[in-house]
Amino acid sequence: MKPIKKLNIILDIIFFPLRAFFMLEKGFFYLSSLRDERMYVVKRFCKGRVLDIGCGPHNLFIKNFIGEENGIGIDVYPYPGVDNVVADILNLPFNDETFDTVTLIAVGGHIPKEVRKKEFAEIARVIKNEGLLIFTEGEPITQYIVHKWSIIFNFLIGQKDIDEERGMEEEEEYCMPSKDIHYYLNSFGLNIIKVNKFMWGLNNVYISKKISDEKN
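Residues numbered from 1 in each chain as written. Predicted model: local features only at pLDDT ≥ 70, side-chain atom pairs only at ≥ 80, totals over all residues. Heavy atoms only, no water.

To continue, consider the nonpolar core. Core analysis: the biggest nonpolar cluster contains 27 residues, and Leu51, Ile53, Val102, Phe120 and Leu133 have the highest contact counts within it. Those elements giving two or more residues to this core turn out to be β1 (50-53), β2 (71-74), β3 (99-105), α5 (116-125), β4 (127-138) and α8 (178-184). Excluding its chain neighbours within four sequence positions, the residues that come into contact with Phe120 are Leu104, Ile111, Leu133, Phe135, Met176, Tyr184, Leu185 and Phe188. Formed by 23 residues, the second largest nonpolar core is a distinct cluster that contains Ala20, Leu24, Met39 and Phe198. (Core = buried A, V, L, I, M, F, W, Y, C linked by side-chain atoms within 4.5 Å. Buried < 20%, exposed > 50% of the residue type's maximum accessible area, 1.4 Å probe, protein only. Helix = DSSP H or I, 4+ residues; strand = E, 2+ residues; numbered from the N terminus. Contact = heavy atoms within 4.5 Å.)

Given below as structure tokens:
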């Protein structure tokens, strides 16, 4: 994976509609895939030791953007290339305050609604004081359309969409509502400090900071 340069960024913005339909996971020419753009945006805010939750096939964010010496990716599903499968996400196998940054890249809606409060509390537990939780989520209508189109597009090119491969549980959603995002990212010692839009304003990156007990 080559780093995204200024020319790539300009072309990505201009040709976003084309990329949205035909470059979901793989870019070509000088254009980035939507997946790589999300990861690039998140990488800009990461610091220190990174935990990527819901890393997906081949642990690409850590391997391509962070480096395995500086981070670890985990997933609940044994996708190809996932070395760290954690079946019980409510009991992460890490000590308190292990990571400087935890990332949730386009996976928030896949956290079953009934366990979201417990899961975000567990995520906050493993973040160091002054550490960051970085979370991306698109707008509800576009997320629904993209997920449905991804299934069709991957079928047409002879692949299986990763959500279709794993399956959607009853309590999962294609998109976590904004009010829920703001609630969870402002709880458990976490406080949202920045929200940036990208992909023509159809996607959002939230940066939440964990504040020590003394400062709460």
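Don't stop here, the text continues.
Applying the stated criterion to the full structure yields 14 aromatic pairs. Seen from their ring centres, Phe21 and Phe22 are 6.3 Å apart, and the 45° between their planes marks the pair as tilted. Residue classification places Phe22 among the partly exposed residues on the basis of a relative accessible area of 42%. Aromatic ring contacts, followed pair by pair, group Phe120, Phe135, Tyr183, Tyr184 and Tyr206 into a single cluster. (Phe/Tyr/Trp six-rings, centres within 6.5 Å; stacked < 30°, edge-to-face > 60°.)

Moving on to the side chain of Thr101. Along the chain, Thr101 turns up in strand β3. With a relative accessible area of 0%, Thr101 lands in the buried category. Those residues in contact with Thr101, other than ones at most four positions away along the chain, are Cys46, Lys47, Arg49, Val50, Leu51, Leu132 and Ile134.

This next bit is on helix α1 (residues 6-14). Of all the positions in α1, only Asn8, Leu11 and Asp12 are classed as buried. Take α1 and look down its axis: the buried residues cluster within an arc of 105°, on one side only. For α1, the exposed residues set more than 90 degrees away from the buried face come down to Lys6 and Ile14. Its buried side turned inward, α1 meets α2 (16-22). (Arc of directions from axis to C-beta.)

Turning to the sheet that holds β1, a few remarks are in order. In sheet architecture, strand pairing relies on hydrogen bonds along the backbone and comes in two forms, parallel and antiparallel. Taking strand neighbours across the sheet as the criterion, the six strands line up as β2-β1-β3-β4-β6-β5 in an open arrangement whose pairing is mixed. Whereas interior strands pair on both sides, the edge strands pair on one side only; in this sheet they are β2 and β5 (190-198). Recorded for the sheet is a direction-independent mean angle of 15° between the axes of neighbouring strands. Bridging between β4 and strand β6 (residues 203-210) involves seven bridges; their strand directions are antiparallel. Bridge pairing in β6 places Leu132 opposite Lys209. The sheet contacts of helix α3 (residues 34-43) involve β3, β4, β5 and β6, and relative to β3 the element is tilted by about 155°. Where α5 meets the sheet, it contacts β1, β3, β4, β5 and β6, and its direction lies at approximately 135° from that of β4. (Pairing = 2+ DSSP bridges. Axes fitted to C-alpha atoms, helices over the stretch in contact; angles between N-to-C directions.)

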